[in-house]
Each structure stands twice: as structure tokens, then as C-alpha cells.
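# Residue-level structure breakdown
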Amino acid sequence: MTVIECFEHDPIDNIATCLSLLPCKLVLIGEPEDLDATVERYRAVIKRRHLPITVEPKAVCRDDINEAVEIIAAVIKTGDECVIDLSGGDGVVLAAAGVAYERYKDRYPVTLQRIDAVSGVVEDCDGDGETEALSSPKVTVGELVALYGGSVKKDSQPSEELDVNAIAPLWNAVIRDATQWNRRVGALLEIERAAGVQRDDLCVEVDFGVVRAAIADYPDKRQRFDALIRDLEQCGVIAVASRAEGSFRYKYKTLFLRQCLSKEGNVLEYKTLFEARSLRKDGRRVFSDARMGVNIDWDGVIHRPVPGGVKDTKNEIDVMLMRGLTPVFISCKNGDIKEVELYKLHTVAARFGGERARKMLIATDFCPDSADVTMSLAQRAADMGILFVPNAAALTPQGWQDTFFKLIDE
């Protein structure tokens with residue numbers, strides 16, 4: 001089987017049918033400048049999946065419908081079963097596809113169809129009552145970014161064996177006093193660094209004499225440190241071995257819980273990720289891929305950090321999800337929120353998710369100085385198509401589910 005695609009700037013429109021039908025050949029028709037980079041991206045994704053699909057570009061001149069008809073006709077006349085995909089594309093090429101189909105439909109095995117990239121449903125466009133489909137297409141977060149010309153830095157993700165229960169003790173500690181959590185974790189991290197503690201150390205010993213001389217505002221930070229240590233001990237995240245005026249020794253229960261405290265906002269990110277992972281509909285996982293801390297390089301080329309060298313344009317998305325072919329970009333905030341955060345989220349989602357991207361800004365407990373600030377931020381988020389969730393601390397398990405379903409319009 002050969003799939004004939006009319007080039008579309010949103011790569012999801014072009015790759016969806018290919019991943020659904022798994023043809024022997026994908027013929028991509030468009031202008032030369034559009035095809036050069038795009039074809040290599042499609043080939044790379046197909047190669048990583050070990051699929052025996054040949055990608056063949058066919059260049060046409062802008063607005064030359066006769067040339068486009070002849071190119072499509074040549075593919076049809078090979079005699080191979082052809083599916084012309086009408087999921088997006090230039091108007092002239094789509095018109096040419098219709099002309100070629102009408103001209104040769106009675107002599108060669110050719111059909112017209114399109115795929116809804118949101119639902120994955122294949123639609124019959126020629127009225128013959130038949131559609132070809134093997135499965136609902138899906139792409140991973142890494143594949144999505146690659147299709148848009150970027151790359152995702154390889155990193156480790158939380159084990160699939162971990163779920164919301166793994167984060168429950170820390171999440172309960174966060175929501176007891178969300179406004180103080182960031183400051184307390186910041187004090188913990190600064191004091192541990194000053195004491196020479198490594199990020200992966202489970203056993204920690206703090207000499208306060210050393211720490212006092214190494215950090216500013218020691219009395220305030222010591223109070224926050226002590227308050228957090230009490231909470232962590234109470235919820236079972238650490239076990240205190242000894243407590244004295246001049247020193248402190250404690251041990252983290254697991255490396256995972258230790259990692260949850262390696263950054264102020266980590267707990268909300270883990271909570272969001274695990275709630276997304278656990279979401280089910282009709283007994284099946286709603287999100288086909290879920291990652292946190294996604295570091296995106298915009299041009300897909302990682303340059304060496306040398307003096308005077310090329311600087312990489314990068315962004316980190318706190319949580320990224322895939323619902324089949326629908327991408328979800330989530331920014332998690334456990335403190336103050338500036339309007340610039342909305343613009344950053346909107347920009348990255350548009351660049352690497354196209355028009356179908358879903359966006360959410362979620363805060364643990366957003367409490368600005370005035371109601372006007374909340375209303376202004378909420379209105380700006382709505383204008384950008386961003387779902388703003390200001391009170392994750394108050395969400396019940398059902399509330400989390402409802403939030404995600406609202407985000408993906410289900």
C-alpha cells in the first residue's frame with residue numbers, strides 16, 4: 001500500500017495516517033523548501049520504530065495544479081493500492097488529488113480518506129463505505145518534538161511502578177502549608193549544600209557551625225529548616241538519627257523521596273505526573289505517554305558549550321503528556337506566578353504542538369495580594385487557551401480526574 005500525503009505544516013496531519021495504516025510507502029507532495037527538512041524528520045521517526053516504510057518526496061511548484069495532478073497520477077498508475085489522505089495540505093495540491101482520483105478511480109485501486117488526528121478515527125471521503133485502518137495512531141513526547149524539528153534531552157523518568165501513593169506523604173506536607181513550602185525546601189537545600197551533602201546522599205550530617213558561617217540569613221533559614229525536618233520526620237520521609245544544638249543527622253527513606261526534594265517545585269510536578277498516569281477511561285490509560293522535566297532543544301542540534309560558540313535555545317516543560325496524537329503541555333507552579341509564565345508556556349506549546357496542543361498552568365495554592373491579580377491572570381490564560389488551575393492543593397482524586405478530562409475536552 002502507498003499513502004499519498006499533501007504536505008501540511010503541522011506534521012501530525014501528515015504522519016497520522018502513515019502510523020495508522022503502516023503502508024510500504026509514504027509519498028509526500030509539496031514545495032521543495034517544505035519537503036527537505038520534513039522528510040528527514042519523518043524518516044527518523046519511522047526508523048526509530050523499525051518500520052519498513054519508504055518516505056518519498058515529490059516536489060511541485062506553487063499553484064501549478066496540472067503538475068500536481070500529473071505527479072499524483074503517476075503514483076496511482078503504478079498499480080499499487082493507494083490511499084490519498086486529505087488531512088490538511090495546500091489547497092492546490094488537495095484539488096489536484098481530487099482531480100487525479102476522479103480520473104483514475106475506475107481503473108486503479110485508489111481511495112480518498114482522512115484521519116481525525118484528535119480521535120484517531122479514519123473517515124471515508126469518497127463514499128465507497130470503506131476505510132483502511134490498523135490502529136489508532138500514537139506518538140511519544142520525544143517523537144512529537146522531533147517531528148517539529150526539536151529534540152528532547154535524554155533523562156531518567158520515575159519508574160512506572162510509582163504512583164500517587166508514593167508521593168502522598170510529601171504531598172500532604174505540601175498542602176498543609178503550601179505558601180511556606182518553597183522557602184522551607186530552599187532553606188533545606190542551601191543548608192545541605194553548605195554542609196557538603198551530595199544530592200544523592202541518603203544519609204545526611206549537618207554541622208551547623210560550618211553552615212552558619214557559609215550562608216546569609218542563617219537564623220531565618222535555620223527556622224525553616226527545622227520546621228521542614230519536623231514535617232518530613234512526621235510523615236516518614238526521613239528518620240532522624242541524632243539531634244543536637246551543633247549538629248544533625250538524618251536519613252532519607254528512599255532515593256525517590258530524596259529526589260522529590262531536590263527542587264522546590266518537584267512535589268507538584270510528581271503529583272501531576274502520577275495523577276495523569278493513573279487516569280483511566282473505559283479501563284484504559286488516557287495518556288499514551290507521560291513525562292516530567294522535558295528539556296526541549298529547539299533546533300534539535302546540541303552544540304558544545306565552548307566560548308563564542310552557538311547558544312542552544314532550550315525550554316523545560318514541567319510535564320508533557322500525549323493523548324494519542326494530542327499533546328498536552330503543563331507548567332507547575334508552587335509559588336508566585338508572573339504573566340511571563342503564560343507566554344512561555346503558550347510559545348513552546350505552539351512551536352512543538354501546533355494548533356491541537358492543550359495547555360495547563362497549575363498552581364498548588366495561588367494566593368496573590370488581590371483578587372484582581374487572580375482575575376487578570378485567569379483572563380489572560382483563557383485568552384491564550386490555557387487552563388488555569390490555581391488550587392491543586394484542594395483537588396480531590398475526582399477533582400484531578402475532572403481537571404484532566406476538561407483539559408482534553410472529554
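Report follows, based on the coordinates. Note that the coordinates shown come from a computational prediction; the quantities given were computed from them, not determined experimentally.

### Examining the overall build of the protein chain
For the protein chain, the count of helices and strands is 14 helices and 17 strands. Taking all 410 residues of the protein chain together, the buried fraction comes to 47%. Residue pairs in contact within the protein chain that sit at least 24 positions apart in sequence constitute 69% of those at least 6 positions apart. For the protein chain, the computed accessible surface area is about 19,700 Å², with 48% contributed by carbon and sulfur atoms.

### Focus: the pairing of strand β2 (residues 25–30)
Across the 6 residues that make up β2, a large majority, 5, are buried. The pairing of strand β1 (residues 2–6) with β2 spans 5 bridges and is classified as parallel. Bridge pairing links Cys6 to Ile29 in β2. With helix α1 (residues 11–21) bridging β1 and its parallel neighbour β2, the resulting β-α-β unit is right-handed. Bridge analysis of β2 against strand β3 (residues 54–59) gives 6 bridges, and the strand direction is parallel. Residue pairing across strands places Ile29 opposite Lys58, the latter belonging to β3. Read from β2 through helix α2 (residues 32–48) to β3, the crossover connection turns out right-handed.

### What about the packing of aromatic side chains?
Overall, the coordinates contain 15 aromatic pairs when judged by the stated rule. With a centroid separation of 5.9 Å and an interplanar angle of 35°, the aromatic rings of Tyr270 and Phe274 are classed as tilted. Pair noted here: Tyr270 and Phe274 are both in helix α11 (residues 266–278), with a separation of 4 residues, about one helical turn. Residues Phe366 and Phe388 carry aromatic rings whose centres are separated by 5.8 Å and whose planes lie at 75° to one another, so their mutual orientation is edge-to-face. Here Phe388 lies in strand β17 (residues 386–389) and Phe366 lies in the loop between β16 (358–363) and α13 (371–383), a separation of 22 residues in the sequence. Residue classification places Phe366 among the buried residues on the basis of a relative accessible area of 11%. Ring pairs connect the aromatic residues Phe208, Phe225, Phe248, Tyr250 and Tyr252, which therefore count as one cluster. Lying across the ring of Phe208, Arg222 places its NZ or CZ 3.6 Å from the centre. Above the ring of Phe352, the side-chain terminus of Arg351 is found at 4.4 Å from the ring centroid.

### Some thoughts on the sheet that holds β3
Within the open sheet, the 6 strands sit side by side as β3-β2-β1-β4-β5-β6. Their pairing is mixed. On the outer flanks of this sheet lie β3 and β6 (122–124), each paired with one strand and no other. Strand-to-strand twist in this sheet, taken as the mean axis angle between neighbours without regard to direction, amounts to 30°. Two elements, strand β4 (residues 82–85) and strand β5 (residues 110–115), share 4 bridges in a ladder whose sense is parallel.

### Concerning helix α6 (residues 164–176)
The terminal C-alpha atoms of α6, which comprises 13 residues, lie 17 Å apart, in line with the 18 Å expected from a rise of 1.5 Å per residue. Taking the largest bend as the criterion, α6 deviates by roughly 40°, centred on Leu170. Regarding α6, the residues found buried are Ile167, Leu170, Trp171, Ala173 and Val174. The inward-facing, buried residues of α6 abut α7 (178–194), α9 (218–234), α10 (255–260), α11 and α14 (397–407). Regarding α6, its N-cap is Asp163, as a side-chain oxygen of that residue lies 3.0 Å from the backbone nitrogen of Asn165 further along.

### Describing the state of the cysteines
Tallied over the entire structure, the rule returns 0 disulfides. Between Cys61, a free cysteine, and Cys6, which holds the nearest cysteine sulfur, the sulfur-to-sulfur gap is 16 Å. The structure places no disulfide on Cys203, whose sulfur is separated from the nearest cysteine sulfur, that of Cys235, by 18 Å.

### Concerning the nonpolar core
Of all hydrophobic cores here, the largest spans 58 residues; its most connected members are Leu170, Trp181, Tyr250, Phe287, Leu321, Ile330 and Phe404. If one sorts the elements of this core by residue count, α11 sits on top with 6 residues. In this view, Ile330 contacts Thr272, Ile317, Asp318, Val319, Leu321, Leu345, Met360, Ile362 and Phe404; residues no more than four positions away in its chain are not counted. Counting residues in hydrophobic clusters, the runner-up holds 50 residues, among them Leu28, Ile296, Ala357 and Ala381.

### Comments concerning the side chain of Glu269
Here Glu269 shows up in helix α11. Excluding anything up to four places from it in sequence, Glu269 contacts Lys263, Met292, Asp318, Val319 and Cys332.

### Some thoughts on α9
Side chains three or four residues apart in an α-helix point the same way, a direct result of the helix having 3.6 residues per turn. Between the first and last C-alpha of α9 there are 24 Å, a value that for 17 residues agrees with the 24 Å anticipated at 1.5 Å per step. Within α9, burial applies to Tyr218, Lys221, Arg222, Phe225, Ala227, Leu228, Ile229, Asp231 and Leu232. Summarising the contacts, the buried residues of α9 are in contact with α6, α7, α8 (208–214), β9 (238–243) and β10 (247–252). At the exit of α9 stands Gly236, carrying a positive phi of roughly 85°.

### Focus on the pairing of β17
Residues Ile386 and Phe388 line one face of β17 and the alternating positions Leu387 and Val389 line the opposite face, and both faces are buried. Examined bridge by bridge, β16 and β17 share 4 bridges and lie parallel to one another. Its bridge partner being in β17, Leu361 is matched across the sheet by Phe388.

### Some remarks on the layout of surface pockets
When its volume is computed, the largest pocket comes out at roughly 580 Å³. Along the walls of the largest pocket sit 22 residues, with Ser156, Ser262, Asn266, Tyr270 and Met292 positioned nearest its centre. Elements with a minimum of two residues in the lining of the largest pocket: α10, α11 and β13 (289–297). Along the lines of polarity and charge, the residues of the lining of the largest pocket split into 5 nonpolar, 8 polar and 9 charged.

Conventions used here
- Residues numbered from 1 in each chain as written.
- Predicted model: local features only at pLDDT ≥ 70, side-chain atom pairs only at ≥ 80, totals over all residues.
- Heavy atoms only, no water.
- Helix = DSSP H or I, 4+ residues; strand = E, 2+ residues; numbered from the N terminus.
- Buried < 20%, exposed > 50% of the residue type's maximum accessible area, 1.4 Å probe, protein only.
- Contact = heavy atoms within 4.5 Å.
- Areas by Shrake-Rupley, 256 points an atom, 1.4 Å probe, with all protein chains shown as cover.
- Pairing = 2+ DSSP bridges.
- Right-handed = clockwise from strand over helix to strand, strands pointing away.
- Phe/Tyr/Trp six-rings, centres within 6.5 Å; stacked < 30°, edge-to-face > 60°.
- Lys NZ or Arg CZ within 6 Å of the ring centre and 35° of its normal.
- Axes fitted to C-alpha atoms, helices over the stretch in contact; angles between N-to-C directions.
- Expected span 1.5 Å × (residues − 1).
- Bend = angle between axes of the 7 residues up to and from the residue.
- Polar contact = N/O pair within 3.5 Å; in protein donor to acceptor, adjacent residues only side chain to side chain.
- Disulfide = S-S within 2.5 Å.
- Core = buried A, V, L, I, M, F, W, Y, C linked by side-chain atoms within 4.5 Å.
- 1 Å grid on protein atoms, 1.4 Å probe; cavity = no way out; pocket = protein on both sides within 12 Å on 5 of 7 lines; lining within 4 Å.
- Points joined across faces, edges and corners; volume = space filled by probe spheres on them.
- Nonpolar A, V, L, I, M, F, W, Y, C, P; charged D, E, K, R; others polar.

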